[in-house]
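Spelled out, the chains give:
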Amino acid sequence: MKTVRNNVQETFRVPKEEIAALLWECRGSVSNAENILEQARQGRCLDLTAAATLLNLDEPHLLDRLYETAREVKERIFGKRIVLFAPLYISNRCVNNCLYCGFRRGNREAERRTLEIPEIVEEARALYDAGYRRVLLVAGEGYGSSIDYLCEAVAAIYRETPIRIVHVNAAPMAEENFVRLKTAGVGVYQCFQETYHRETYDRMHPSGPKRDYDRRLSVMDRARTAGFGDVGMGALFGLYDYRFEVLALIAHARDLEERFGSGPHTVSVPRLQPAAGSALESVPRPVSDEAFKKIVAVFRLAIPYAGVVVSTREGPGLREEVIRIGASQISAGSRTDIGGYSHAAEETGTAQFSLSDGRSLDEMIGAILDAGLEPSLCTACYRSGRTGESFRTAAETGKVRNLCEANALFSFMEYLKDHGTDKTRAAGRGRIAARVAEIKDDAFRREVEKGLDRVARGEEDVHF
Ligand code: SF4
């Protein structure tokens, strides 16, 4: 079913009644599930009806088919790559009062910090030294998300560290500020709606600028209009019915596709976790592990070209399951406290939420290899113009898979050479050799071998 609009420039509206009707109509409609999965396997993106049907599944054999189909589609588009990154929290000062968040203004217990620019540089350097090549700056709303501060932070990271791409997760802003952020060299702008259900949104956001549901819902329009080809969307699962959130986000993605030529670059699926200083005593609508896996798989089939991002809010076992069934990006070795990387031994008491997976980047890389997948620290696409619509086209025609698999090998070799432990180095080099041997095109294989040789001789940032 398609949302009808009289004016194509009109801001997205959540088709609430349509979603409620679909969730009701698709209950128990398992007879069509096999057919939907077969079409998805052949490359057809799920529409809202198909997504609602799959979200309602609970028969184990159909869920297995769903996960297997999501795995196939993910590997067809992204190969076996799992992209790794780390969030860099720069401020926990916030003017909002989101009930679920430890940074909320009403939390009088929190120790407040906003990093000075040299401290941000120190954090970015610590991440580079651990092996990361991209960082995601994260700030609460207020001074920490002021455009001057953000632009200064981005410029300082590029100027004073070898970090190759900076992404930003910050509060909604005006179009002219997005232009400044883009000009500063930010790759992806990320902002999560938290919940698409307006009544729940109103309850969860009692005060502050974030109380304005429509301002947040329209933020991607301003970012895209200002030139951000790559935007990251998401919802905080556990606030409302997860099936509603998934369908609303898919509808939002379709809206961006229609009006801007491509949907989100990434879809994040954070699940609500306890946070010190939160005003919630429990998760309002808990999401089981099985439901979480469905969320990942349905996004993979509905928005196949988007990276599905899973954070360290989830535990090791579940993370290892979802990277097999559709997730393509994960954070690792994360600290959500302010200044946590350069002062890793100290407990700063400024974390936004509890982490469930405390493994280091190297340990996570080992787990990815054990799962038969391949880690990537590559940042080439953002710097080679493969963003927005051109990234989507490249993903859908399989180009991302070939180019990115080679670039992933280069970035992985660079990691192993400069940062890997002996154990990861041995396993990783063996895997790289095996993957190169599998490349059928002789000319391309020789190019990849040459690139790996350049990395081994000390050249940095080798990529196609
Ligand atoms: S969720 Fe974001 S906006 Fe809300 S209180 Fe936390 S940091 Fe502030």
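Model, not experiment: these values are computed from the prediction.

1. Points about the overall build of the chain
From N to C terminus, the chain includes 19 helices and nine strands. Taken over C-alpha atoms, the radius of gyration comes to 21 Å for the chain, in line with the 23 Å a tight globule of 464 residues would show. When the backbone C-alpha atoms are referred to their principal axes, the chain occupies close to 60 × 55 × 40 Å. Counting across all 464 residues of the chain, residues that qualify as buried make up 53%. Counted over contacts in the chain with a minimum sequence separation of 6, partners at least 24 positions apart contribute 78%.

2. Section: the pairing of strand β3 (residues 165-169)
In terms of burial, β3 is largely enclosed, as five of its five residues are buried. Going residue by residue along β3, you find Ile165, His167 and Asn169 tucked away on one face and Val166 and Val168 tucked away on the opposite face as well. With helix α7 (residues 175-183) bridging β3 and the parallel strand β4 (residues 186-190), this β-α-β connection has right-handed handedness.

3. Observations concerning the domain arrangement of the chain
Segmenting the chain into domains produces domain 1 (81-382) and domain 2 (387-456). On a C-alpha basis, the centroid separation for the pair domain 1 and domain 2 is 26 Å. Contact residues are listed per partner, giving 22 residues for domain 1 and 23 residues for domain 2. Among the secondary structure elements, those contributing two or more residues to the side of domain 1 that touches domain 2 are α14 (361-370), β9 (374-376) and α15 (380-383).

4. Describing the site of the ligand
Residues in contact with the ligand, as listed here, are Cys94, Asn96, Cys98, Cys101, Phe103, Arg104, Gly140, Glu141 and Lys210. Taken together, the residues of the shell around the ligand break down into four nonpolar, two polar and three charged.

5. Quick look at the packing of α14 against helix α18 (residues 422-438)
A pair of packed helices is characterised by two quantities: the angle between their axes and the separation of those axes. The geometry of α14 relative to α18 is characterised by a closest axis approach of 10 Å and an angle of 40° between their N-to-C directions. By crossing handedness, the relation of α14 to α18 is classed as left-handed. Residues Asp362, Ile365, Gly366 and Leu369 of α14 form the contact with α18, whose participating residues are Lys423, Thr424, Ala427, Gly428 and Arg431. When grouped by side-chain class, the residues that make up the contact of α14 with α18 number three nonpolar, three polar and three charged.

6. A word on the confidence of the model for the chain
Within the chain, residue pLDDT values average 91, and 92% of them lie at 70 or more. Note that residues 1-8 has pLDDT below 50 and, in this model, seven contacts with residues that lie over four places away or in other chains.

7. Focus on the environment of threonine 11
Of note, threonine 11 is situated in the segment before α1 (16-25). Taking the C-beta count within 10 Å as the criterion, threonine 11 has 14 such neighbours and is therefore assigned partly exposed. Sequence separation between threonine 11 and phenylalanine 85 is 74 residues; the distance between their C-alpha atoms is 31 Å. The contact partners of threonine 11, leaving out residues within four places of it in the chain, are Ser218 and Asp221.

8. With respect to helix α4 (residues 60-78)
For α4, built from 19 residues, the straight-helix expectation of 27 Å at 1.5 Å per residue is met to within 8% by its first-to-last C-alpha distance of 26 Å. Within the sequence span of α4, burial applies to Leu66, Tyr67, Thr69, Ala70, Val73, Lys74, Ile77 and Phe78. Taken end-on, α4 shows its buried residues confined to a sector of 160°, consistent with a single buried face. Away from its buried face, by an angle of more than 90 degrees, α4 presents the exposed residues Pro60, His61 and Asp64. Within two residues after α4, glycine 79 carries a phi angle of roughly 65°, on the positive side.

9. Some words on the packing of helix α6 (residues 147-160) against α7
As a packed pair, α6 and α7 sit with axes 9 Å apart at the nearest point and diverge in direction by 10°. By the criterion of interaxial angle, the relationship of α6 to α7 is roughly parallel. Residues Ile147, Leu150 and Cys151 of α6 lie in contact with α7, whose contacting residues are Asn177, Arg180 and Leu181. Residue classes in the contact of α6 with α7 are distributed as four nonpolar, one polar and one charged.

10. A look at the nonpolar core
One finds Ala51, Val135, Leu247 and Val298 to be the most contacted residues of the largest nonpolar core, which totals 140 residues. It is helix α11 (residues 242-260) that provides the largest number of residues to this core, a total of 10 residues. In this structure valine 135 touches Ala86, Leu88, Ala124, Leu127, Ile157, Ile163 and Val166, once residues within four positions along its chain are discounted.

Rules behind the numbers
- Residues numbered from 1 in each chain as written.
- Predicted model: local features only at pLDDT ≥ 70, side-chain atom pairs only at ≥ 80, totals over all residues.
- Helix = DSSP H or I, 4+ residues; strand = E, 2+ residues; numbered from the N terminus.
- Rg over C-alpha atoms; globule rule 2.2 N^0.38 Å.
- Buried ≥ 20, exposed ≤ 12 C-beta atoms within 10 Å, placed from the backbone.
- Contact = placed C-beta atoms within 7 Å.
- Right-handed = clockwise from strand over helix to strand, strands pointing away.
- Domains from an automatic or database assignment.
- Near = placed C-beta within 6 Å.
- Nonpolar A, V, L, I, M, F, W, Y, C, P; charged D, E, K, R; others polar.
- Axes fitted to C-alpha atoms, helices over the stretch in contact; angles between N-to-C directions.
- Left-handed = near helix turned anticlockwise from the far one by under 90°.
- pLDDT = per-residue confidence, 0-100.
- Expected span 1.5 Å × (residues − 1).
- Arc of directions from axis to C-beta.
- Parallel < 35°, antiparallel > 145°, perpendicular 65-115°, else oblique.
- Core = buried A, V, L, I, M, F, W, Y, C linked by C-beta atoms within 7 Å.

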